[in-house]
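# Observations on the three-dimensional arrangement
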Amino acid sequence: MALIDNYFQKGKIMGKAKVINGKAYAERLRSRIAEAVTHLKVTHNITPGLAVVLVGDDPASQVYVRNKEKQTAEAGMASFENKLSADIKENELLALIANLNGDTAVHGILVQLPLPDHIDSGKIINAINPDKDVDGFHAINVGRLTTGNKGMVPCTPLGCLMLLKDQFCDLQGKHAVIVGRSNIVGKPMAALLLQESCTVTIAHSRTKKLREICQSADILVAAAGRPQMIGSDWIKPGATIIDVGINRVPKEEGPGKFRLVGDVDFSAAAEVAAAITPVPGGVGPMTIACLLKNTVTSTCRIHGVEEPIIAS
Ligand code: GUN
């Protein structure tokens, strides 16, 4: 974190690039969300409620879930924790989802992924009431997004789009290259950028001439999960880089010590790009802020209350 604070103190410039401060953007967004929550409580006597389901004891998932719960409470929402043993049976998990679907205090349901192998993730996700699916992973919400209808938009791509819209008045006609084709990031990111009239290329580990394709991007979204795979010679001068990767790599100074890096070689890329998100402090904080935003959205829709416009 000290490293990134250092970049910001230098006037948001690293090499040639502006460093996109996702941490600060997310903080502003969370305070707008807290205002919307207060309004819902005072004017409508409604407290948005988010239920988080965590199965097993994967350390990374535990950290994410702890942060989610903390920030949900800080925004003034009700947070319902469901921590379950790794050997829970699929039908027991389905029964819990059915309970949460029927619970009027719960407006958003998030099942932390990945789930243990013996559980069919698709079955669990599609058992969530689509109107409470604040992750936007339910097949109905995927369909709504790709057809341009009102649904729930997955949090990480939504956060990336907010950062991009903050950079550009207009995204029309820009060539956006997304490296990674996951259901959580790559595919919904492509749908969102297509809606903004970008020309979208989805690239992945089997793409031929991957580096050349990335070199043609005005906007490069890196979501491959490979530490620092994208170097300066992958980047078109003046491009905007959104790094979704969060990879733990060993520190040079000693065994057992780790640091977080993205999928982009940050300092090399910053010599070529016009703007770049750091890791940490870029996309990561936007994901949870967008989860809270989606929970306010689902609460308003469930209660038939006008949705506040929440922007940073
Ligand atoms: N695991 C990694 N990212 C996510 C996410 O955005 N939502 C859920 N539910 N699980 C995840």
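Computed from a prediction, not measured in an experiment: that's the story for all the values here.

In spatial order, the strands read S4-S3-S5; together these 3 strands make up an open sheet with parallel pairing. Each of the sheet's edge strands pairs with one partner strand only, and the pair in question is strand S4 (78-84) and strand S5 (108-111). With strand direction ignored, the average angle separating the axes of adjacent strands in the sheet is 15°. Here 7 bridges tie strand S3 (residues 49-55) to S4, and the two strands are oriented parallel to one another. The residue of S4 that forms the bridge with Val55 is Leu84.

What follows is about the pattern of salt bridges. For the coordinates displayed, the defined rule picks out 11 salt bridges. Between Lys83 and Glu69 there is a salt bridge whose closest N-O contact spans 3.6 Å. On the criterion of sequence distance, the pair formed by Lys83 in strand S4 and Glu69 in helix H3 (residues 59-74) is long-range, its members being 14 residues apart. Between Glu81 and Lys83 there is a salt bridge, with its nearest N and O atoms 3.4 Å apart. Salt bridges sharing partners connect three or more residues here, namely Glu69, Glu81 and Lys83.

The next subject is the packing of helix H7 (residues 155-167) against helix H8 (residues 186-195). At their nearest, the axes of H7 and H8 sit 9 Å apart, and the two run at 40° to each other. Crossing geometry of H7 relative to H8 is assigned as right-handed. For the pair H7 and H8, contact is made by Pro157, Leu158, Cys160, Leu161 and Leu164 and by Pro188, Met189, Leu192 and Leu193, respectively.

Before going further, it helps to examine the site of the ligand. All residues in the neighbourhood of the ligand are listed as Leu110, Val111, Gln112, Leu113, Asp135 and Phe137. A distance of 2.8 Å separates a nitrogen atom of the ligand from a polar atom in the backbone of Val111. In this structure, a nitrogen atom belonging to the ligand sits 3.3 Å away from a side-chain N or O atom of Gln112. When isolated, the ligand has an accessible area of 280 Å², and the protein chains bury 82% of it.

Turning our attention to H7. With 13 residues, H7 extends 19 Å between its outermost C-alpha atoms, agreeing within 8% with the 18 Å of an ideal straight helix rising 1.5 Å per residue. Taken residue by residue, H7 has Cys155, Thr156, Pro157, Leu158, Gly159, Cys160, Leu161, Met162, Leu163 and Leu164 as its buried positions.

The residue Ile178 is located in strand S6 (residues 175-179) in this model. For Ile178, a relative accessible area of 0% corresponds to the buried category. Spatially, the C-alpha atoms of Ile178 and Leu220 are 6.0 Å apart, while their sequence positions differ by 42 residues. The residues contacting Ile178, other than those within four sequence positions of it, are Gly186, Met189, Ala190, Leu193, Val200, Thr201, Ile202, Ala203 and Val221.

As for its position among the elements, Asn126 is in the loop between helix H5 (121-125) and helix H6 (139-146). With a relative accessible area of 38%, Asn126 lands in the partly exposed category. Separated by 15 residues in the primary sequence, Asn126 and Asn141 have C-alpha atoms spaced 9.9 Å apart. A distance of 2.9 Å separates a polar atom in the side chain of Asn126 from the backbone nitrogen of Ala139.

This next bit is on the layout of surface pockets. Quantified by volume, the second largest pocket comes out at close to 470 Å³. Lining the second largest pocket are 22 residues, with Gly151, Val153, Leu158, Lys293 and Arg301 sitting closest to its centre. For the lining of the second largest pocket, the secondary-structure elements that each account for two or more residues are H6, H7, H8 and helix H11 (284-303). Here the lining of the second largest pocket is built from residues that sort into 9 nonpolar, 6 polar and 7 charged.

The nonpolar side chains of a soluble globular protein tend to be buried with one another. If you look at the biggest cluster of nonpolar residues, it comprises 53 residues, and the most contacted ones within it are Ile33, Leu193 and Val296. For Val296, the contacting residues outside a window of four places in its chain are Ile33, Ala36, Val37, Leu40, Met77, Pro308 and Ile310. Core analysis: the second largest hydrophobic core is formed by 24 residues, Ala17, Cys214, Ala217 and Val264 among them.

A separate point is the side chain of His107. Structurally, the position occupied by His107 is in the loop between helix H4 (90-102) and S5. Judged by relative accessible area, which is 3%, His107 ranks as buried. When residues no more than four places from it in sequence are discounted, the contact partners of His107 are Ile46, Thr47, Pro48, Gly49, Asp131, Lys132, Ser298, Thr299, Ile302 and His303.

What counts and what doesn't
- Residues numbered from 1 in each chain as written.
- Predicted model: local features only at pLDDT ≥ 70, side-chain atom pairs only at ≥ 80, totals over all residues.
- Heavy atoms only, no water.
- Pairing = 2+ DSSP bridges.
- Helix = DSSP H or I, 4+ residues; strand = E, 2+ residues; numbered from the N terminus.
- Axes fitted to C-alpha atoms, helices over the stretch in contact; angles between N-to-C directions.
- Salt bridge = Lys/Arg side-chain N within 4 Å of Asp/Glu carboxyl O.
- Left-handed = near helix turned anticlockwise from the far one by under 90°.
- Contact = heavy atoms within 4.5 Å.
- Near = heavy atom within 4 Å.
- Polar contact = N/O pair within 3.5 Å; in protein donor to acceptor, adjacent residues only side chain to side chain.
- Areas by Shrake-Rupley, 256 points an atom, 1.4 Å probe, with all protein chains shown as cover.
- Expected span 1.5 Å × (residues − 1).
- Buried < 20%, exposed > 50% of the residue type's maximum accessible area, 1.4 Å probe, protein only.
- 1 Å grid on protein atoms, 1.4 Å probe; cavity = no way out; pocket = protein on both sides within 12 Å on 5 of 7 lines; lining within 4 Å.
- Points joined across faces, edges and corners; volume = space filled by probe spheres on them.
- Nonpolar A, V, L, I, M, F, W, Y, C, P; charged D, E, K, R; others polar.
- Core = buried A, V, L, I, M, F, W, Y, C linked by side-chain atoms within 4.5 Å.

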